[in-house]
Amino acid sequence: MAFFAYAELSHTFFKINFERRFLPLGGLISGFFGGLSGHQGAFRAAFLVRLGLPKEAFVATGVLLACIVDLSRLTVYAAHYIGAGLEENIPVVAAGIAAAFTGSFLGARLLRKVTYRTIQNSVAGLMMMIAIGLGIGLL
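Just so we're clear, the structure is a prediction, and the values are computed from it rather than from any experiment. The numbering scheme is per chain: residues are counted from 1 as the chain's sequence reads. This being a predicted model, a pLDDT of at least 70 is required before a residue's local features are given, and a value of 80 or more before pairs of side-chain atoms are given or counted; all residues contribute to the totals for chains, interfaces and linings. To get the side-chain values, take all heavy atoms of the structure and skip hydrogens and water.

## Some thoughts on the overall build of the protein
Using the following cut-off: Per the convention used, a helix needs a DSSP run of H or I reaching at least four residues, while a strand needs a run of E reaching at least two, with both numbered from the N terminus. For each residue, the accessible area found with a 1.4 Å probe, counting protein chains only, is set against the maximum for its type, and the residue is called buried under 20%, exposed over 50%, and partly exposed in between. Whether two residues are in contact is decided by their heavy atoms: any pair within 4.5 Å suffices. We get accessible surface area from the Shrake-Rupley algorithm with a probe of 1.4 Å; when it comes to residues, only the shown protein chains can shield them.
Looking only at helices and strands, the protein features seven helices and zero strands. Helices (α) and strands (β) of the protein occur, in sequence order from the N terminus, as α-α-α-α-α-α-α. With 139 residues in all, the protein has 22% of them scored as buried. Considering only residue pairs separated by 6 or more positions, the protein has 76% of its internal contacts joining residues 24 or more positions apart. A total of about 9500 Å² of accessible surface is found on the protein, and carbon and sulfur atoms cover 73% of it.

Laid out in C-alpha coordinates, this is it:
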(Lines give C-alpha, C1' and ligand atoms only; values in the text may rest on other atoms or scores of the structure.)
Protein backbone atom coordinates (compact mmCIF):
# COMPACT_ATOMS: atom_id res chain seq x y z
CA MET A 1 0.00 0.00 0.00
CA ALA A 2 2.88 2.35 0.76
CA PHE A 3 4.27 1.65 -2.72
CA PHE A 4 0.97 2.65 -4.34
CA ALA A 5 0.82 5.81 -2.21
CA TYR A 6 4.42 6.73 -3.09
CA ALA A 7 3.78 6.07 -6.76
CA GLU A 8 0.72 8.30 -6.62
CA LEU A 9 2.74 11.16 -5.11
CA SER A 10 5.71 10.82 -7.46
CA HIS A 11 5.89 13.25 -10.34
CA THR A 12 6.81 10.51 -12.80
CA PHE A 13 3.74 8.46 -12.02
CA PHE A 14 1.59 11.62 -12.14
CA LYS A 15 2.20 11.83 -15.89
CA ILE A 16 0.98 8.27 -16.55
CA ASN A 17 -2.61 7.79 -17.65
CA PHE A 18 -4.26 4.46 -18.38
CA GLU A 19 -6.55 3.80 -21.29
CA ARG A 20 -10.06 2.56 -20.57
CA ARG A 21 -9.19 -0.85 -22.02
CA PHE A 22 -7.07 -1.44 -18.89
CA LEU A 23 -10.06 -1.11 -16.54
CA PRO A 24 -10.43 -4.90 -16.07
CA LEU A 25 -6.73 -5.21 -15.26
CA GLY A 26 -6.97 -2.33 -12.80
CA GLY A 27 -9.99 -3.97 -11.20
CA LEU A 28 -8.11 -7.24 -10.90
CA ILE A 29 -5.02 -5.62 -9.38
CA SER A 30 -6.94 -3.38 -6.98
CA GLY A 31 -9.23 -6.27 -5.99
CA PHE A 32 -6.29 -8.60 -5.36
CA PHE A 33 -4.25 -6.16 -3.28
CA GLY A 34 -7.37 -4.81 -1.61
CA GLY A 35 -8.31 -8.35 -0.64
CA LEU A 36 -4.89 -8.84 0.92
CA SER A 37 -5.09 -5.69 3.02
CA GLY A 38 -8.86 -5.11 3.24
CA HIS A 39 -8.59 -1.64 1.71
CA GLN A 40 -10.12 -2.08 -1.73
CA GLY A 41 -11.37 1.51 -1.88
CA ALA A 42 -7.90 3.01 -1.58
CA PHE A 43 -6.46 0.82 -4.32
CA ARG A 44 -9.47 1.37 -6.54
CA ALA A 45 -9.13 5.13 -6.11
CA ALA A 46 -5.41 5.03 -6.92
CA PHE A 47 -6.16 3.27 -10.20
CA LEU A 48 -9.24 5.29 -11.15
CA VAL A 49 -7.42 8.58 -10.61
CA ARG A 50 -4.97 7.56 -13.39
CA LEU A 51 -7.78 7.21 -15.95
CA GLY A 52 -8.08 10.94 -16.42
CA LEU A 53 -11.77 10.98 -15.52
CA PRO A 54 -13.39 14.29 -14.62
CA LYS A 55 -13.38 14.61 -10.83
CA GLU A 56 -17.16 14.23 -10.68
CA ALA A 57 -16.98 10.96 -12.65
CA PHE A 58 -14.08 9.77 -10.47
CA VAL A 59 -16.04 10.32 -7.27
CA ALA A 60 -19.29 8.92 -8.70
CA THR A 61 -17.54 5.76 -9.96
CA GLY A 62 -15.81 5.22 -6.62
CA VAL A 63 -19.06 5.68 -4.70
CA LEU A 64 -21.00 3.33 -6.97
CA LEU A 65 -18.35 0.61 -6.73
CA ALA A 66 -18.13 1.01 -2.94
CA CYS A 67 -21.92 0.68 -2.67
CA ILE A 68 -21.89 -2.51 -4.75
CA VAL A 69 -19.09 -4.02 -2.65
CA ASP A 70 -20.70 -2.99 0.64
CA LEU A 71 -24.12 -4.27 -0.41
CA SER A 72 -22.61 -7.68 -1.11
CA ARG A 73 -20.80 -7.60 2.24
CA LEU A 74 -23.94 -6.62 4.12
CA THR A 75 -25.85 -9.47 2.49
CA VAL A 76 -23.24 -11.98 3.70
CA TYR A 77 -23.06 -10.42 7.17
CA ALA A 78 -26.85 -10.45 7.53
CA ALA A 79 -27.03 -14.10 6.53
CA HIS A 80 -24.43 -15.08 9.14
CA TYR A 81 -25.41 -12.85 12.04
CA ILE A 82 -29.22 -12.79 12.09
CA GLY A 83 -30.31 -13.85 15.54
CA ALA A 84 -26.87 -13.35 17.06
CA GLY A 85 -28.15 -10.70 19.48
CA LEU A 86 -26.58 -7.71 17.75
CA GLU A 87 -29.42 -5.35 18.68
CA GLU A 88 -27.16 -3.53 21.14
CA ASN A 89 -25.11 -2.23 18.20
CA ILE A 90 -27.99 -0.40 16.54
CA PRO A 91 -26.80 3.02 17.86
CA VAL A 92 -23.36 2.40 16.34
CA VAL A 93 -24.90 1.42 13.00
CA ALA A 94 -27.18 4.47 13.09
CA ALA A 95 -24.20 6.74 13.82
CA GLY A 96 -22.31 5.17 10.89
CA ILE A 97 -25.23 5.73 8.55
CA ALA A 98 -25.61 9.33 9.72
CA ALA A 99 -21.87 9.93 9.23
CA ALA A 100 -22.01 8.45 5.72
CA PHE A 101 -24.89 10.71 4.69
CA THR A 102 -23.24 13.76 6.27
CA GLY A 103 -19.99 12.99 4.47
CA SER A 104 -21.83 12.58 1.17
CA PHE A 105 -23.69 15.86 1.67
CA LEU A 106 -20.53 17.82 2.51
CA GLY A 107 -18.48 16.07 -0.14
CA ALA A 108 -20.94 17.01 -2.88
CA ARG A 109 -20.54 20.66 -1.95
CA LEU A 110 -16.76 20.56 -1.53
CA LEU A 111 -16.17 18.68 -4.79
CA ARG A 112 -16.82 21.82 -6.83
CA LYS A 113 -14.14 23.67 -4.86
CA VAL A 114 -11.23 21.21 -4.94
CA THR A 115 -8.83 20.46 -7.76
CA TYR A 116 -8.17 17.02 -9.15
CA ARG A 117 -4.61 17.17 -7.85
CA THR A 118 -5.98 17.79 -4.35
CA ILE A 119 -8.04 14.62 -4.67
CA GLN A 120 -4.97 12.69 -5.86
CA ASN A 121 -2.85 13.97 -2.98
CA SER A 122 -5.62 13.17 -0.49
CA VAL A 123 -5.96 9.61 -1.79
CA ALA A 124 -2.19 9.10 -1.65
CA GLY A 125 -1.85 10.64 1.80
CA LEU A 126 -4.64 8.53 3.25
CA MET A 127 -3.20 5.39 1.64
CA MET A 128 0.16 6.18 3.24
CA MET A 129 -1.52 6.66 6.64
CA ILE A 130 -3.25 3.28 6.27
CA ALA A 131 0.07 1.67 5.26
CA ILE A 132 1.81 3.14 8.32
CA GLY A 133 -1.06 2.07 10.58
CA LEU A 134 -0.88 -1.47 9.18
CA GLY A 135 2.92 -1.49 9.49
CA ILE A 136 2.92 -0.55 13.18
CA GLY A 137 0.01 -2.86 13.98
CA LEU A 138 -2.49 -0.11 14.74
CA LEU A 139 -4.94 -1.28 12.06
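Next comes the rest of the description.
## Topic: a nonpolar patch on the surface
To be explicit about the condition: Patches here are clusters of residues that have more than 30% relative accessible area and form no salt bridge, with a 9 Å joining cutoff for like charges and a 5 Å cutoff for nonpolar side chains (Val, Leu, Ile, Met, Phe, Trp, Tyr). The term salt bridge refers to a pairing of a side-chain nitrogen on Lys or Arg with a carboxyl oxygen on Asp or Glu at a separation within 4 Å.
On the surface, a nonpolar cluster with roughly 680 Å² of combined accessible area is contributed by Phe22, Leu25, Leu28, Ile29, Phe32, Phe33 and Leu36. By secondary structure assignment, the location of Leu25 is in helix α3 (residues 23–37). Judged by relative accessible area, Leu25 falls into the partly exposed class, the value being 44%.

## A few points about the packing of aromatic side chains
Spelled out, the test is: Centres within 6.5 Å make a pair out of two Phe, Tyr or Trp rings, where for Trp the six-membered ring is used; the pair is then stacked when the planes are under 30 degrees apart, edge-to-face when over 60, and tilted otherwise. Counting as a charge over the ring demands two things of the Lys NZ or Arg CZ atom: a distance within 6 Å of the ring centre and an angle within 35 degrees of the ring normal.
Counted under the stated rule, the structure contains zero aromatic pairs. Looking at Arg109, its charged tip hangs above the ring of Phe105, at a distance of 3.7 Å from the centre.

## Topic: the layout of surface pockets
Keep this limit in mind: Points on a 1 Å grid over protein atoms alone make up a cavity when a 1.4 Å probe fits among them but cannot get out, and a pocket when they form an open set with protein on both sides within 12 Å along at least five of seven lines; lining residues each have an atom within 4 Å of a point. Grid points are joined across faces, edges and corners, and a volume is the space filled by probe spheres set on the points. All amino acids are sorted into three groups, where Ala, Val, Leu, Ile, Met, Phe, Trp, Tyr, Cys and Pro are nonpolar, Asp, Glu, Lys and Arg are charged, and the leftover types, Gly among them, are polar.
A volume near 880 Å³ is recorded for the largest pocket. If you trace the largest pocket, you find 25 residues lining it, with Phe58, Val59, Val63, Ile119 and Val123 closest to the centre. Within the residue set of the lining of the largest pocket, elements represented by two or more residues are α4 (40–48), α5 (55–81), α6 (90–110) and α7 (116–135). In terms of residue class, the lining of the largest pocket is made up of 17 nonpolar, seven polar and one charged.

## Notes on the environment of Ile119
Here Ile119 lies in helix α7. Ile119 sits 64 residues away from Lys55 along the chain, and the two C-alpha atoms are 8.1 Å apart. When sequence neighbours within four positions are dropped, the list of residues in contact with Ile119 reads Lys55, Phe58, Leu111 and Val114.

## Some thoughts on the nonpolar core
Applied cut-off: For the purposes of this section, nonpolar cores are sets of buried Ala, Val, Leu, Ile, Met, Phe, Trp, Tyr and Cys residues that join through side-chain atoms within 4.5 Å.
In this structure, Leu48, Leu51, Leu53, Phe58, Ile119, Val123 and Met127 are the most contacted members of the largest nonpolar core, which totals 14 residues. At the level of secondary structure, the elements contributing two or more residues to this core comprise α4 and α7. For this core, the leading source of residues is α7, giving four residues. Aside from chain neighbours lying at most four places away, what touches Leu48 is Leu23, Leu53, Phe58, Thr61, Gly62, Leu65 and Tyr116.

## Topic: the confidence of the model for the protein
Heads up, the condition is: One confidence number per residue, pLDDT, is output by the predictor and ranges from 0 to 100.
Taken residue by residue, the protein gives an average pLDDT of 77. The fraction at 70 or more is 83%. The spread of mean pLDDT over the elements of the protein runs between helix α2 (residues 11–14), the lowest at 58, and α6, the highest at 85.

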